[in-house]
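Listed below are the residues making up each chain.
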Amino acid sequence: MTADLSPVIAATTQWLTRSFPASGGALASALCEAQARQAVTVAAWLRYPTAMDAALVGLAGPGGSARLDGITGADADPDGAAAWRTWVDEVVTSWAACLLADPDMASRAVTALAGGTHTTGAPAEFRRLLAPDETDQKAAALLRHPDLLAPVAELHRSRLLDRLPPDHTLTA
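Predicted, not measured: the structure shown is a model, and the values here were computed from it.

1. Re the packing of helix α2 (residues 26–47) against helix α5 (residues 90–101)
Now for step 1: With their axes 8 Å apart at the nearest point, α2 and α5 run at an angle of 125 degrees to one another. If you check the angle between α2 and α5, you find them oblique. For the pair α2 and α5, the crossing hand works out as right-handed. Taking contact as the criterion, the partners of Gln 35, Ala 39, Val 40, Val 42, Ala 43, Ala 44, Leu 46 and Arg 47 in α2 are, on α5, Val 91, Val 92, Trp 95, Ala 96, Leu 99 and Leu 100.
Now for step 2: Class assignment for the residues of the contact of α2 with α5 results in 12 nonpolar, one polar and one charged.

Set out below in structure tokens:
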């Protein structure tokens, strides 16, 4: 049984980059997409930690983007031309929004993946999510803006926090 979450990751990434587009040209779009894809990948791996979980979502489907479209005011798809929207996972989208808006949460989420089913084999690289440079930040200004992401992030933030290791940061 394979743990192929690529349809969910691709559709959810596409939804995020269409809802919070890059500012700039082709390079900015590519950098924005890379950041979204990394956040969505981490979120999907946390949401579906085993091959069985991934297989089940492949059979049942993730639910689609209808509620997210309503929250963000995205154009509905009246003629059904955008079948990819059916592969958008609302929880994964919400979790990815949390990770994009909060670098500490993103770091905790990547740490939570260590030793999991999805991280065996070649090590995963999440530099653009965890340590975006100035060019990354400019390209994804909307995608990483906490206020813009808040309505989506708040949908399932508490469930994400349940999956993450405790934050042991000391406050002064």
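2. Some remarks on the packing of helix α1 (residues 6–19) against α5
Now for step 1: Between α1 and α5, whose axes approach to 10 Å, the crossing angle comes to 55 degrees. As judged from the angle between their axes, α1 and α5 are oblique. Relative to α5, α1 is oriented so that their crossing is right-handed. Taking contact as the criterion, the partners of Thr 12, Trp 15 and Leu 16 in α1 are, on α5, Val 92, Thr 93, Ala 96 and Leu 100.
Now for step 2: Across the contact of α1 with α5, the residue classes tally to five nonpolar, two polar and no charged.

3. Topic: the packing of aromatic side chains
Now for step 1: By the definition in use, this model includes two aromatic pairs.
Now for step 2: Considering the side-chain rings of Trp 15 and Phe 20, the 6.4 Å spacing of their centres and the 75 degrees angle between planes classify their relative orientation as edge-to-face.
Now for step 3: Pairing Trp 45 with Phe 126 gives two aromatic rings, centres 6.0 Å apart and planes at 80 degrees, and the pair type is edge-to-face. Separated by 81 residues along the polypeptide, Trp 45 in helix α2 and Phe 126 in the loop between α6 (103–113) and α7 (127–130) bring together distant segments of the chain.
Now for step 4: A relative accessible area of 8% places Phe 126 in the buried class.

4. Looking at the nonpolar core
Now for step 1: Counting 43 residues, the largest nonpolar core has Leu 16 and Leu 99 as its most contacted members.
Now for step 2: Where this core is concerned, the elements lending two or more residues are α1, α2, α3 (51–60), α5, α6 and α9 (146–153).
Now for step 3: Take this core: its biggest share by element is nine residues, from α2.

5. As for the environment of Thr 50
Now for step 1: Assignment of secondary structure puts Thr 50 in the loop between α2 and α3.
Now for step 2: Here Thr 50 falls in the partly exposed class, since its relative accessible area comes to 32%.
Now for step 3: Aside from chain neighbours lying at most four places away, what touches Thr 50 is Thr 117 and His 118.

6. Looking at the pattern of salt bridges
Now for step 1: If you walk through the whole model with that rule in mind, you get eight salt bridges.
Now for step 2: Linking Asp 89 and Arg 47 is a salt bridge whose minimum nitrogen-to-oxygen distance equals 3.6 Å. Linking Asp 89 in the loop between α4 (66–72) and α5 with Arg 47 in helix α2, this pair joins segments that are 42 residues apart in sequence. For the pair Asp 89 and Arg 47, one class covers both residues: buried.
Now for step 3: Residue Arg 67 pairs with Glu 90 through a salt bridge whose shortest N-O separation is 2.8 Å. You can see Arg 67 sitting in helix α4 and its partner Glu 90 sitting in helix α5, a full 23 residues away along the chain.
Now for step 4: One network of salt bridges, with partners in common, ties together Arg 127, Arg 128 and Asp 136.

7. Looking at the environment of Arg 67
Now for step 1: Residue Arg 67 is classed as partly exposed on the basis of its relative accessible area, which comes to 48%.
Now for step 2: Between the C-alpha atoms of Arg 67 and Glu 90, which are 23 residues apart in sequence, the distance is 7.8 Å.
Now for step 3: A distance of 2.8 Å separates a polar atom in the side chain of Arg 67 from a polar atom in the side chain of Glu 90.

Definitions and cut-offs
Residues numbered from 1 in each chain as written. Predicted model: local features only at pLDDT ≥ 70, side-chain atom pairs only at ≥ 80, totals over all residues. Heavy atoms only, no water. Axes fitted to C-alpha atoms, helices over the stretch in contact; angles between N-to-C directions. Helix = DSSP H or I, 4+ residues; strand = E, 2+ residues; numbered from the N terminus. Parallel < 35°, antiparallel > 145°, perpendicular 65-115°, else oblique. Left-handed = near helix turned anticlockwise from the far one by under 90°. Contact = heavy atoms within 4.5 Å. Nonpolar A, V, L, I, M, F, W, Y, C, P; charged D, E, K, R; others polar. Phe/Tyr/Trp six-rings, centres within 6.5 Å; stacked < 30°, edge-to-face > 60°. Buried < 20%, exposed > 50% of the residue type's maximum accessible area, 1.4 Å probe, protein only. Core = buried A, V, L, I, M, F, W, Y, C linked by side-chain atoms within 4.5 Å. Salt bridge = Lys/Arg side-chain N within 4 Å of Asp/Glu carboxyl O. Polar contact = N/O pair within 3.5 Å; in protein donor to acceptor, adjacent residues only side chain to side chain.

Functional significance is not addressed by these values, which are geometric in nature.
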